[in-house]
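# Close look at the chain arrangement
In case you want the letters, here they are:
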Amino acid sequence: MNMSHGQDLNRRDFIKISSLFLAGSAAMSTQIGRTLSGNGDALADDGRERVVHSFCEHCFWRCGIAAHVRDGKIYKITGSEHHPLSNGRLCPRGTGGIGQIYDPDRLAHPLIREKKGGKASYRKASWDEAITYTAEKLYKIKEAYGPQAIAMLHHGFGYTFFKEMFKAFGVNKFAKPSYDFCCGPSHQAFLFTYGHEIGTPEGIDIINSKYILFFGTHYGENMHNTAVQEIAEGIRRGLKIVVFDPRFSTLAGKAEKWLPIKPGTDIAMMQALMNVLITENLYDKQFVAENTVGFDELRAEVERMTPEKAAEITDIPAEDIREIARNFARYAPAAAVHPGRRTQWYADGAQRSRAIAILNALAGNYKMPGGMVKYEKYKIPKGAPHHYPEYEKEVWSKYPLFTDIKPENTMGSHEVIQQAIDGELKALFVYGVNVPETITMGRKTALKALGNVDFLAVVDTLPMEVTGYADIVLPECTYLERYDELDGGRPYRTPFVALRQPVVEPMFDSKPGNQIARMLADKLGVHALEDDVETYLDKKLKRAGSSLEEVRKTGVLLGKPTDLYRKTGEKLTFETPSGKIEIASSKFRDAGFDAVPRYTKHPDAPEGFYRVLTGRKPMLTFGRTANNRFLNELPTARENEIWVNPQVAAKHQLSHGEQVHLKNQAGVVSEFPIKVKVTERIRQDAVYMVHGYGHYFKKLKWAYGKGASHNQLISNYDIDTSTGAVGFENNFVTFIKEA
């Protein structure tokens, strides 16, 4: 059995960070609760309670929170009643933030890798030494190879200050892994079809809808607080939902109909729904004629995908396909197909999302109650532009339809990883990304990349696996101890700007990201982040007619609700090349790809193997919460399970609750065993597990060895050559019974 964590490193061995450098040895009891009020000594607090409003870090939804402080210690986190994305409610992991700030495994000091007598280890460093060391390494690499030899991988909201620092330094390689396999394809698909993104939260008027189709979306398990609230309210008002999913999910449990579709056949199903809408004249003909281009091209493409043909491909009976298409048309325009969030499963995520966008167009539901809507952003007037030096060399993704309006991503994370492997990249700066367990090219490829760069710097709060390979570890304080950039760039029903503000002072020798970035900028001699963070935020909020002092009270600044619906006779315009909804996309055609979505078959599992499907649990957001001891007290959160159909279990003589190892099609065996869950809720050709378990770093006391790592079992990945997104569901496993 492979116990090397899949690594094959030649330059950088994995180092176990000593317990002496973690919070558990740093006299937590005297650190906990140093407050921002009074003299900063929690133990001298007068005992009065305070509530500080901020926003959560445990997933991208970034709900508003109310942190309750007593005796200088946060004792409870609830949903903020002021924030439109929480409405006073919070998911389990959001309430579990206390487990992160008071985690005894937190990184407590800057650490520098050194080698003595042939043995590598970490030693404690002062901040000045750590920043000087990091700046010198980055400077030397820039001098030797140019700024294009440096890249930043990031996840989490605190990356923005580092990005500004790097831009001033001439670096323009930024990648967020989640964009590649999560929201990127959907973003690009709706942008090319409607001329604007679908957004997060997605622009579907759920609470007023009568009929919504979901393709594999796992609301209730991935949480997405506001959407769950809206679905509950929609159902109360009479909403009917249909779920296409190989697995009977929590959302399927709320559905009028669950259809266990064969994995990888969604586009065929969507084409068949279009076929029925068109051949039975059920689509909105006037809306399509007035507002779209490319309908004839679509009709020619889908006329072959009859419900009978789709039934052979998808395993869904033709009569069910017709019934759903007819119901969809019957409830339109108060009907929609939801775009979902994790949208890249294979190499066709953008076209799959385009098919969803087109189905909505055929329903004529644009800017209609219960249909697809366009939320607005809170508009903060821009300040004086900061002039950065010209890039020595412009860098951008090599994929022609990769986003060009998301400055946090100039290329795919897999491109960064590949450049590191190829030797083009010499330095990697990692903010909040546990690379070995996150990058969807799999653990082995990620470790190969980490082992090949000359310099690896990691900013994190916990000793995740990636910190064990770093040359320097810079401990950031948690989201409950710092300011970050304003959350003001997202469109929503009620436009808002949210403030992240410290609830208590940074613990141990950790620092806010904004301070670390500023220290690095000063050491590198670049002009960025000139104001302290409070001055910066105050100036920005004053441009919006408020102030930092004012927004601190509720943590949020609200705009006027979006005018969601179109008026009778209103002429619609779209920021696409044609000015219409592009059913046939000129962008795709011009780039050499299919202008309308086309179904292509994906490989079936080898004999005796099963396709691995993944998802989430409501109390786990991968690295953010994996080691959270309070959330881990919940019995269902402690480890993941492998869902197995009873017939598959019988074939392999598996018992419910039995521990097995998983082996993938390339022969990789899971480092830790996983518990079998025998259930009718999964098809016979697939298994299901929650991503984010199976950590191999022993310093993560509550996460180490719990369940199996999905990322370890990824040996195959598919890249969408249009948008550069990465899919990983063409991986298959079988079972190895414990001796």
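Conventions used here
- Residues numbered from 1 in each chain as written.
- Predicted model: local features only at pLDDT ≥ 70, side-chain atom pairs only at ≥ 80, totals over all residues.
- Heavy atoms only, no water.
- Helix = DSSP H or I, 4+ residues; strand = E, 2+ residues; numbered from the N terminus.
- Polar contact = N/O pair within 3.5 Å; in protein donor to acceptor, adjacent residues only side chain to side chain.
- Axes fitted to C-alpha atoms, helices over the stretch in contact; angles between N-to-C directions.
- Left-handed = near helix turned anticlockwise from the far one by under 90°.
- Contact = heavy atoms within 4.5 Å.
- Nonpolar A, V, L, I, M, F, W, Y, C, P; charged D, E, K, R; others polar.
- Buried < 20%, exposed > 50% of the residue type's maximum accessible area, 1.4 Å probe, protein only.
- Pairing = 2+ DSSP bridges.
- Salt bridge = Lys/Arg side-chain N within 4 Å of Asp/Glu carboxyl O.

Another aspect to go through is the environment of R566. By secondary structure assignment, the location of R566 is in the loop between β17 (556-558) and β18 (581-582). When the C-alpha positions of R566 and M368 are compared, they lie 6.4 Å apart, and in sequence the two are 198 residues distant. Within the local environment of R566, its side chain forms a polar contact with the backbone oxygen of Y366, the two atoms lying 2.5 Å apart.

At a minimum axis separation of 9 Å, helix α8 (residues 266-279) and helix α12 (residues 318-331) run at an interaxial angle of 60°. Crossing of α8 over α12 shows right-handed handedness. Across from M269, A272, L273, V276 and L277 in α8, the residues of α12 making contact are I321, R322, I324, A325, F328 and A329. Classifying every residue of the contact of α8 with α12 gives 10 nonpolar, no polar and one charged.

Moving on to the pairing of strand β14 (residues 455-460). Counting buried residues along β14, six of its six residues qualify, which places the element largely inside the surrounding structure. Here β14 shows two buried faces, one formed by F455, A457 and V459 and the other by L456, V458 and D460. With five bridges joining them, strand β13 (residues 427-431) and β14 adopt parallel strand pairing. Paired with A427 across the two strands is F455, which belongs to β14. In this structure, β14 lies alongside strand β15 (residues 472-475), joined through four bridges in parallel fashion. Along β15, the bridge assignment pairs V458 with V473.

Counting through the fold element by element, F215 comes out in strand β8 (residues 211-215). For F215 and D266, which are 51 residues apart along the polypeptide, the C-alpha to C-alpha distance reads 7.5 Å. Apart from the residues within four sequence positions on either side, F215 is in contact with F244, D266, M269, M270, L273, V337, W345 and R352.

The next subject is the pattern of salt bridges. Counted according to the given criterion, the structure contains 50 salt bridges. For K367, the salt bridge goes to E570, with nearest N and O atoms at 3.9 Å. Taken as a pair, K367 in the loop between α13 (349-362) and α14 (413-422) and E570 in the loop between β17 and β18 lie far apart in primary sequence, 203 residues in all. One salt bridge connects K675 with E639, and the closest N-O pair in it is separated by 3.4 Å. Here K675, found in strand β22 (residues 674-678), pairs with E639, found in the loop between β19 (610-615) and β20 (641-644); they are 36 residues apart in sequence, far enough to count as distant. On the accessibility criterion, K675 (26% relative accessible area) is partly exposed. Residue E639 is classed as partly exposed on the basis of its relative accessible area of 22%.

Structural measurements only, silent on function.
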